[in-house]
Amino acid sequence: MELVMSAAIGVLGGCGVWLVLRPRTFQVVMGLSLMSYAVNLFIFSMGSLSIDAEPIIVPGVPPDLAHYTDPMPQALVLTAIVIGFAMTALFLVVLLASRGLTGTDHVDGAEDPDDAPPGAAVAIDTTPAADREHA
Amino acid sequence: MSLALLLALPFVGSVAAALLPTNARNTAATWTTAVALACVVQFGLMFPEVRDGGVLRQSFHWVPDMGLEFSIRMDGFAWMFAMLISGIGTLVAVYARYYMSPADPVPRFFSLFLAFMGAMQGIVLSGNLIQLVFFWELTSLFSFLLIGYWHHRSDARRGARMALVVTGTGGLCLFAGVLLLGRIVGSYDLDAVLGAREVIHSHPLYPPMLVLVLLGALTKSAQFPFQFWLPRAMAAPTPVSAYLHSATMVKAGVFLLARLWPVLAQSELWFWVVTGAGALSLLLAAYAAMFQNDLKRLLAYSTISHLGLITLLLGLNSELAAVAAVFHIMNHATFKASLFMAAGVIDHETGTRDIRRLDGLYKVMPITGTLALVASAAMAGVPLLNGFLSKEMFFSETVYLSSYPWVELALPLIATLAGIFAVVYALRFSFDIFFGPLSTDLPREPHEPARWMRVPIELLVLACLVVGVAPAWSVGAFLDAAALPVVGGTLPEFSLAVWHGFNAPFAMSLVAMAGGIAGYLLLAPLLESGRLRRVPIMDRFDGRRLFDRSLVALGALSRGGVRVAGTRRLQMQLLWVVVACLVAAFAALQGHGVGWGDRPRVPASLEFVLLWSIGIACAIGAAVQAKFHRLAALMMMAVAGLVVCLTFAWFSAPDLALTQLAVEVVTTVLFLLGLRWLPKRIPEAVRHPTLRDRARRGRDLAIALAAGGGLAALSYAMLTRLAPQSISPFFLSHALPEGGGTNVVNVMLVDFRSLDTLGEITVLGAVALAVYALLRRFRPPRESVEAPRQQRVLPADLKTDLVNPRTAPDTALGYLVVPAVLSRLILPIAGLVAVHLFMRGHNQPGGGFVAGLVVAIALIAQYMVAGTLWVEQRMNPHPVRWIAAGLALAVLTGLGALAWGYPFLTTHTAHVALPLVGEVHVPSAILFDIGVFAAVIGATLLILIALAHQSIRATRKPATAEAGGG
């Protein structure tokens, strides 16, 4: 189980990092989501992997980690999940606004000058560059 | 009134003045005068308590952990300064009422003025050195704002910036010096410092500490070589100059020197640095003042010179000299304030400050002329005026000093020479402009100013006269009280008499008078004819040029640094963040390695392996497809999210699984709504990747592999070890008895860590509002304005169920009939589920978060199948009100604990016996959880509805309409 779990965290994290380093805004947002999965799992697994452990207090059972699942990482991750949702929503809307204003979905709000293909038909807004500067 | 209230009064007054309407000149001026006058009266009444070495103290806890107290301390010296600051402040406020034009935003002026006054009083009343530095920097800041008051003028902006840079940097040096001083003494308390003379002098850090403190004081007092900022600060309104030059700002520097004189003085280093800077400032500034043609600049140089005199006196390491310095601080404040005001009157009534153009003004403004003549005579040190007395004391100090032979010779010479120069510039200020034929080409017809504009000058000049004629009677007691703390215990013998007989100092005065008159007669024609435009010799050694050059060089350096090391490209920034994390992580492993632990492994099950095979495949798929196939990537990411959700359930975390599931639904809906406005990327349209692109991708892949591998290794290492120390058992054992619930995770969220949760729902609300605000101004890209292709392929006249949602009255009429009916049916059931989840949350998996999300999902389902218009015709969910109500409830619940004397957010469990139901535990945390519930509903709905509303908004023209032109 430990091996599977750590492999899962590694893959999610690696995919997240790869996407975050990409030039397109949607890729970055997806990357952040994947990274937050990885981090949430990582924090969660700090509380040890316990199958069929009791998450709810049962009268008579001694209150220690041998008899219950660890509540602390769970409480932390619960907060993180909701905050992660809020951040994803914000990034998504920023992404949309940026695409609408700049006419490109490049993370810098302008196509990389080194990459601009000569006369390529990339879906680029026709707004003059000067307008884009002030947008 | 207590000292603390007195200290706070100007600041309170400042805020009040700032709130006045822009044209409330009279109200603002009256208010400011009243505040300043109240300070004068209150301080005045305190005199008996400080007169014989008494000290008034008041202190509050500030940072008790670091031993810092906010302490206010007033001894005789601080009292004298406080009186000067508030007294001259009152007069300047009256004067400014008439000086300022009604066209200026006068309340802003008075607001800044009061704040500056408060900061100055903060310096002199500080009983703690850190606190003193704080107020010190505050005066730099407010003087910056005051000097730059007319911010439309470039000279005002430049002068203000220069003042801020010089005095602010000096303040930082002072801060460093004070930190050293506090380290040497072991306390920042002024009383402790003043009692630690021996320790300070014998400490090896004494020289660097002294130099740093002196840098602070000398920059503030505009002493050589930092004098250049003061003449440029002349761009300020004249009342500001009058205040800055007389009782405040530059006086803060000499205040500090005098304040720390008992513990820092009496060393060689002190003598050379302080006396040297003072003597150079005294002489050079007096020399430069002679050649100025602007009334205010002349006075500015004279201020530097007089401050130099005070500094020089303090540097002499003699107690008598220190007393003379205190006396001259008082005298200089009175005559310099009146002179500036007179200069302001002349400028105000004639329209110019050019000495060459002004002549014979005595004929048209005799009263102002008389006042200015008396005040400048005091400045020159004419007998029977206050300036004469302190100047005599200064002369005698230079004569009777015992030091190296050349110093004993040079100091009286410098003093006499400076005296000659002072007479020359005083004559230029007074005789030159008031006598002779009246100028005819002035911008305005000169006449006497308004009655009350003159009153402050009259009072100040009267003070000069009274002190000059009867010093012992008028200021003797005040000077004794003020000088006593400076010399530290016992006052030396001195006599405040007008006539000491014919002695060396008097002879020096006579020489200065005669030399000054002769010098004036020589110099005046040269200046008047315009043959001398610059200050001879001195002009080349201008600190300003050095200052400007170093600013330019610094700017160029930082721009170069940004060019070399900075980037505006997000990719590079993220790359470096990731690389830095990797390097830090691997560096931490140096010498240890990761190493697996020997904790008993949980046996793997086939199902779990299969589950994560799918999860991993989906994650990789999402990473690969996110560029061109966003929908596919989104699906796959959602699957990975579900696998995460199942993992939570697998490892006994039902709460997490529930929340993750709900969030996953909401996130997916959110992305689907958003993707509608993100134009497709077409793979065919993108050029073939170059070698460079491949290299870049290779690099990123390597980094991603390293990060993923590192994360995997790290988590494996953690998972295989035991973590013996944990605070979790605390929560397990306290959840039921103290939190009143058996679901430990929920109890932690709404009880133990409720402050975190409060912060979290606040963030959620803020994000929702930010999303709403961003989308209000949202302009979708042209390519996505038209209806999607699937809707466009249908001919307009086609009879079909697939109705365009923009035109259909109810989307549930057509092909969405079944989902629509189902979703409407589900709404009440979802509500019931939410209530159930909420109610049991404290004892079983569930809680406010999940319940809120369930309600939000049920509502958004209505929007999706029935359309925004249909839903909003029937109900308006008012998400913002939900957010507000939720946050308010959560905060109020927390505040409720305060009412019973418990800390914020303490919970209480009530035992209520209900009929039929029996005894029920009602923890106050349940109210908090209702707040969370409401805030989550509101925030989620606001975000989703704001996005959904985009499709019914009027948008800009579709791309095709403009394709020809673009």
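All values derive from a computational prediction rather than experimental measurement.

**Some words on the overall build of chain A**
Then, in step 1: In terms of helices and strands, chain A carries 4 helices and 0 strands.
Then, in step 2: Going residue by residue from the N terminus, the α and β elements of chain A occur as α-α-α-α.
Then, in step 3: Sorting the 135 residues of chain A into buried and exposed places 60% on the buried side.
Then, in step 4: Sequence-distant contacts, at least 24 apart, represent 50% of the contacts inside chain A between residues at least 6 apart.
Then, in step 5: Working note: accessible area of chain A is about 4,800 Å², and carbon and sulfur atoms make up 66% of it.

**So, helix α13 (residues 250-259) of chain B**
Then, in step 1: Taking burial as the measure, the 10 residues of α13 of chain B include 10 buried ones, the bulk of the element.
Then, in step 2: Listed in full, the buried residues belonging to α13 of chain B are Val250, Lys251, Ala252, Gly253, Val254, Phe255, Leu256, Leu257, Ala258 and Arg259 of chain B.

**Re a nonpolar patch on the surface**
All names here are of chain B.
Then, in step 1: On the surface, a nonpolar cluster with roughly 700 Å² of combined accessible area is contributed by Val817, Val818, Val821, Leu822, Leu825, Ile826, Ile829 and Val833.
Then, in step 2: Within the secondary structure, isoleucine 826 is located in helix α36 (residues 817-840).
Then, in step 3: The class for isoleucine 826 is partly exposed, based on a relative accessible area of 45%.

**Topic: the pairing of strand β1 (residues 56-63) of chain B**
All names here are of chain B.
Then, in step 1: Sheet topology places β1 next to strand β2 (residues 68-74); 7 bridges connect them, and they run antiparallel. Bridged to phenylalanine 60 within β2 is phenylalanine 70.
Then, in step 2: In this structure, the hairpin formed by β1 and β2 is closed by a connection of 4 residues, where glycine 67 is found at a positive phi of approximately 70°.

**Quick look at the environment of leucine 65 of chain A**
Then, in step 1: Among the secondary structure elements, leucine 65 of chain A is positioned in the loop between α2 (25-46) and α3 (71-102).
Then, in step 2: Among the residues examined, leucine 65 of chain A registers a relative accessible area of 32% and is labelled partly exposed.
Then, in step 3: Here the alpha-carbon distance between leucine 65 of chain A and glycine 47 of chain A, two residues 18 residues apart in the chain, equals 9.2 Å.
Then, in step 4: Apart from residues no more than four positions distant in its own chain, leucine 65 of chain A is found in contact with Asp70 and Pro71 of chain A together with Ser726, Ser728, Pro729 and Leu732 of chain B.

**Things to note about the pattern of salt bridges**
Residue and element names in this part refer to chain B.
Then, in step 1: Throughout the structure, instances matching the rule amount to 18 salt bridges over all chains.
Then, in step 2: For arginine 753, the salt bridge goes to aspartate 756, with nearest N and O atoms at 2.6 Å.
Then, in step 3: According to the relative accessible area criterion, arginine 753 is buried, its value standing at 16%.
Then, in step 4: Among the residues examined, aspartate 756 registers a relative accessible area of 39% and is labelled partly exposed.
Then, in step 5: Put simply, Arg57, Arg73, Asp75, Asp191 and Arg259 are held in one network by salt bridges that share partners.

**Looking at the interface of chain A and chain B**
Then, in step 1: Between chain A and chain B, the residue contacts involve 91 residues of the former and 112 residues of the latter.
Then, in step 2: Together chain A and chain B conceal approximately 9,300 Å² of surface at their shared face, both sides included; 76% is due to carbon and sulfur atoms.
Then, in step 3: Counting across the interface, chain A meets chain B through 3 salt bridges.
Then, in step 4: The shortest N-O distance in the salt bridge between arginine 569 of chain B and aspartate 108 of chain A comes to 4.0 Å.
Then, in step 5: Where chain A packs against chain B, one counts 13 residue pairs in polar contact (both at pLDDT 80 or more).
Then, in step 6: At the level of elements, α1 (2-20), α2 and α3 of chain A are the ones that each hand at least two residues to the side of chain A that touches chain B.
Then, in step 7: Considering every element that reaches the side of chain A that touches chain B, the biggest residue donor is α3 of chain A, with 26 residues.
Then, in step 8: Taken together, the residues of the side of chain A that touches chain B sort by class into 61 nonpolar, 17 polar and 13 charged.

**Describing the packing of aromatic side chains**
Then, in step 1: Enumeration according to the criterion identifies 38 aromatic pairs over all chains in this entry.
Then, in step 2: Aromatic side chains phenylalanine 47 of chain B and tryptophan 79 of chain B sit 4.5 Å apart centroid to centroid with 40° between the ring planes, which places their arrangement in the tilted category. Residue phenylalanine 47 of chain B is found in helix α3 (residues 47-50), and its partner tryptophan 79 of chain B is found in helix α4 (residues 76-99); the two are separated by 32 residues along the sequence. The same class applies to phenylalanine 47 of chain B and to tryptophan 79 of chain B, which are both buried.
Then, in step 3: Between phenylalanine 838 of chain B and phenylalanine 933 of chain B, the ring centres sit 5.6 Å apart and the planes meet at 50°, which makes this aromatic pair tilted. Placement of phenylalanine 838 of chain B in helix α36 and of phenylalanine 933 of chain B in helix α40 (residues 925-948) is noted, with a sequence separation of 95 residues between them. Across this residue pair, the class does not change: phenylalanine 838 of chain B and phenylalanine 933 of chain B are buried.
Then, in step 4: Here the aromatic residues Phe109, Phe110, Phe113, Phe116, Tyr149, Trp150 and Tyr243 of chain B are joined through ring pairs into a cluster of three or more.
Then, in step 5: We note arginine 22 of chain A situated over the ring of tryptophan 18 of chain A; from NZ or CZ to the ring centre the distance is 4.1 Å.
Then, in step 6: Over the ring of tryptophan 677 of chain B we find arginine 676 of chain B, and its NZ or CZ is 4.3 Å from the ring centre.

**Some remarks on a positive patch on the surface**
Residues and elements named next belong to chain B.
Then, in step 1: On the surface, Arg157, Arg158, Arg161, Arg544, Arg545 and Arg549 cluster together into a positively charged patch.
Then, in step 2: For the positive patch, the elements supplying multiple residues, two or more each, are α7 (154-185) and α26 (543-565).
Then, in step 3: As for its placement among the helices and strands, arginine 161 is situated in helix α7.
Then, in step 4: Its relative accessible area of 45% is what places arginine 161 among the partly exposed residues.

**Digging into the confidence of the model for chain B**
Then, in step 1: Predicted confidence across chain B gives a mean pLDDT of 87, with 94% of residues reaching 70 or more.
Then, in step 2: Per-residue pLDDT stays below 50 along residues 959-966 of chain B; that stretch engages in 6 contacts with residues further than four places along the chain or on separate chains.

**Some points on the packing of helix α2 (residues 25-45) of chain B against α4 of chain B**
Residues and elements named next belong to chain B.
Then, in step 1: Where α2 meets α4, the closest approach of the two axes is 8 Å, and the angle between their N-to-C directions is 160°. Considered as vectors, α2 and α4 are oriented roughly antiparallel to each other. For the crossing formed where α2 meets α4, the hand is left-handed. Contact residues: Arg25, Asn26, Ala29, Thr32, Thr33, Ala36, Leu37, Cys39, Val40, Phe43 and Gly44 in α2; Trp79, Ala82, Met83, Ser86, Gly87, Gly89, Thr90, Ala93, Val94 and Arg97 in α4.
Then, in step 2: Grouping the amino acids of the contact of α2 with α4 by side-chain chemistry returns 11 nonpolar, 8 polar and 2 charged.

**Digging into the packing of helix α16 (residues 295-315) of chain B against helix α20 (residues 405-429) of chain B**
All names here are of chain B.
Then, in step 1: One way to put it is that α16 packs onto α20 with a least axis distance of 11 Å and a crossing angle of 155°. Classified by the angle their axes make, α16 and α20 are roughly antiparallel. Two packed elements cross with a definite hand, and for α16 against α20 that hand is left-handed. Residues Leu295, Leu298, Leu299, Ser302, Ser305, His306 and Leu312 of α16 form the contact with α20, whose own contacting residues are Leu411, Tyr425, Arg428 and Phe429.
Then, in step 2: When grouped by side-chain class, the residues that make up the contact of α16 with α20 number 7 nonpolar, 3 polar and 1 charged.

**What to know about unusual backbone geometry**
Residue and element names in this part refer to chain B.
Then, in step 1: Looking along the chain, the bond that leaves phenylalanine 224 and enters proline 225 is cis, with omega of 0°.
Then, in step 2: Position of proline 225 among the secondary structure elements: in the loop between α10 (206-220) and α11 (229-232).
Then, in step 3: The backbone of methionine 249 shows a phi angle near 50°, a positive value even though the residue is not glycine.
Then, in step 4: Relative to the elements of secondary structure, methionine 249 occurs in the loop between α12 (238-246) and α13.
Then, in step 5: What makes methionine 249 buried here is its relative accessible area of 0%.
Then, in step 6: Here serine 652, not a glycine, exhibits a phi torsion of approximately 60°, which is positive.
Then, in step 7: Structurally, serine 652 can be placed in the loop between α29 (630-650) and α30 (654-675).
Then, in step 8: Given the relative accessible area of 6%, serine 652 is considered buried.

Rules used throughout
- Residues numbered from 1 in each chain as written.
- Chains lettered and ligands numbered in written order.
- Predicted model: local features only at pLDDT ≥ 70, side-chain atom pairs only at ≥ 80, totals over all residues.
- Heavy atoms only, no water.
- Helix = DSSP H or I, 4+ residues; strand = E, 2+ residues; numbered from the N terminus.
- Buried < 20%, exposed > 50% of the residue type's maximum accessible area, 1.4 Å probe, protein only.
- Contact = heavy atoms within 4.5 Å.
- Areas by Shrake-Rupley, 256 points an atom, 1.4 Å probe, with all protein chains shown as cover.
- Patch = residues over 30% accessible without salt bridge, like charges linked within 9 Å, V, L, I, M, F, W, Y side chains within 5 Å.
- Salt bridge = Lys/Arg side-chain N within 4 Å of Asp/Glu carboxyl O.
- Pairing = 2+ DSSP bridges.
- Buried area = accessible area lost by both parts, 1.4 Å probe.
- Polar contact = N/O pair within 3.5 Å; in protein donor to acceptor, adjacent residues only side chain to side chain.
- Nonpolar A, V, L, I, M, F, W, Y, C, P; charged D, E, K, R; others polar.
- Phe/Tyr/Trp six-rings, centres within 6.5 Å; stacked < 30°, edge-to-face > 60°.
- Lys NZ or Arg CZ within 6 Å of the ring centre and 35° of its normal.
- Lys, Arg positive; Asp, Glu negative; His and termini not counted.
- Charge placed at Lys NZ, Arg CZ, Asp CG, Glu CD.
- pLDDT = per-residue confidence, 0-100.
- Axes fitted to C-alpha atoms, helices over the stretch in contact; angles between N-to-C directions.
- Parallel < 35°, antiparallel > 145°, perpendicular 65-115°, else oblique.
- Left-handed = near helix turned anticlockwise from the far one by under 90°.

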